[in-house]
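Architecture at a glance
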Amino acid sequence: DIYGLQDELTPNVADKYVCFSGTNDVELGEIGGQWIVDATGGSGKIVYITGRAGVSTAEDRTVGFHNIVDQYPDLEIVAEQDGNYNRSDAMTVMEAILQANPQIDAVWCANDEMAGGVCQAISAAGREGILVGGANLQADAYERLLSGEQAADITTPCAMVIPALDAVVTVLEGGTVTEKTMYYPLDLVTKENAEQFKDQVY
């Protein structure tokens, strides 16, 4: 039939790129989940501010986050809401969450833009003792780490482009790249070890 013929004529997506070099967003979510476990001792009331619904990075980070926190029955997720990867949206969402929950021990946000909005909402509400984690190690988040306003972050190193460029050079020189997926290492960043990750801030 025509659909079967179309399938035969359409190249497989694997034929359309040499390789992928980047970060594993499931792993990133697992690091965020493990941070919350360690920060709370595996017990407490937590909030998860997710990325934009339907975006693969957001979906993968959520899978990773739940891979970890769901193993701890004493961790209660009092709210899990979409912050749209946006600072203003996350601030608005967090304002409502704070009003509805007199006790919150820690919040993990799937990126630093949302972490910035969450920190603003917490400060404006006069709430203290709520630990906030983010991801991507943006410049303003790095400053929040140093000041103690944000408790943790996760790298998404710009250096992940280097293996991709190496692959391009290899192909242009007539070589072959056999590794289709290359994940760059991720690290948890806190105030204590922030200095060693200064070159990964963007």
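All of the points below concern the structure found in this document. (Residues numbered from 1 in each chain as written. Predicted model: local features only at pLDDT ≥ 70, side-chain atom pairs only at ≥ 80, totals over all residues. Heavy atoms only, no water.)

Moving on: the overall build of the protein. The helix and strand tally for the protein stands at seven helices and eight strands. Scored against the burial criterion, the 202 residues of the protein give a buried share of 41%. Considering only residue pairs separated by 6 or more positions, the protein has 77% of its internal contacts joining residues 24 or more positions apart. For the protein, the accessible area works out to roughly 10500 Å², and carbon and sulfur atoms hold 51% of it. (Helix = DSSP H or I, 4+ residues; strand = E, 2+ residues; numbered from the N terminus. Buried < 20%, exposed > 50% of the residue type's maximum accessible area, 1.4 Å probe, protein only. Contact = heavy atoms within 4.5 Å. Areas by Shrake-Rupley, 256 points an atom, 1.4 Å probe, with all protein chains shown as cover.)

This part takes up the sheet that holds strand β3 (residues 75-82). Read across the sheet, four strands follow the order β3-β2-β4-β5 without closing on themselves; strand pairing throughout is parallel. Looking at strand neighbours, the two that pair on one side only are β3 and β5 (131-133), the edges of this open sheet. Sheet twist, expressed as the average angle between the axes of neighbouring strands with direction ignored, equals 15°. Bridging between strand β2 (residues 44-50) and strand β4 (residues 106-109) involves four bridges; their strand directions are parallel. Looking across to β4, one finds that Tyr-48 is bridged to Trp-108. This element, helix α3 (residues 56-69), spans β2, β3 and β4 of the sheet and lies at about 165° to β2. (Pairing = 2+ DSSP bridges. Axes fitted to C-alpha atoms, helices over the stretch in contact; angles between N-to-C directions.)

It helps to recall that an α-helix has 3.6 residues per turn; residues three or four apart then point in one direction. Taking 1.5 Å of rise per residue, 16 residues should cover 22 Å, and helix α2 (residues 25-40) covers 23 Å from first to last C-alpha, within 8% of that figure. Among the residues making up α2, those that are buried are Asp-25, Leu-28, Gly-29, Ile-31, Gly-32, Gly-33, Trp-35, Ile-36, Val-37 and Thr-40. The first or second residue beyond α2 is Gly-41, which carries a positive phi of 70°. (Expected span 1.5 Å × (residues − 1).)

General note: in soluble globular proteins, nonpolar side chains tend to be found buried as a group. Counting residues in each nonpolar core, the largest one holds 39 residues, and the members touching the most others are Ile-36, Ile-49, Met-94, Val-107, Trp-108 and Val-118. Those elements that place two or more of their residues in this core are α2, β2, α3, β3, α4 (87-100), β4 and α5 (112-125). (Core = buried A, V, L, I, M, F, W, Y, C linked by side-chain atoms within 4.5 Å.)

Moving on, we get to the pattern of salt bridges. The final tally for this structure, using the stated rule, is five salt bridges. Between Arg-144 and Asp-140 there is a salt bridge; the shortest N-O distance is 3.1 Å. Of the two residues, Arg-144 and Asp-140 both sit in helix α6 (residues 139-147), four residues apart, roughly one turn of that helix. For Asp-140, a relative accessible area of 28% gives the class partly exposed. Each of the salt bridges in this network shares a partner with another, and the network as a whole consists of Arg-87, Glu-113, Asp-140 and Arg-144. (Salt bridge = Lys/Arg side-chain N within 4 Å of Asp/Glu carboxyl O.)

This part takes up unusual backbone geometry. Positioned with a positive phi, Asn-84 is a non-glycine residue whose angle comes to about 65°. Examined against the element boundaries, Asn-84 turns out to sit in the loop between β3 and α4.

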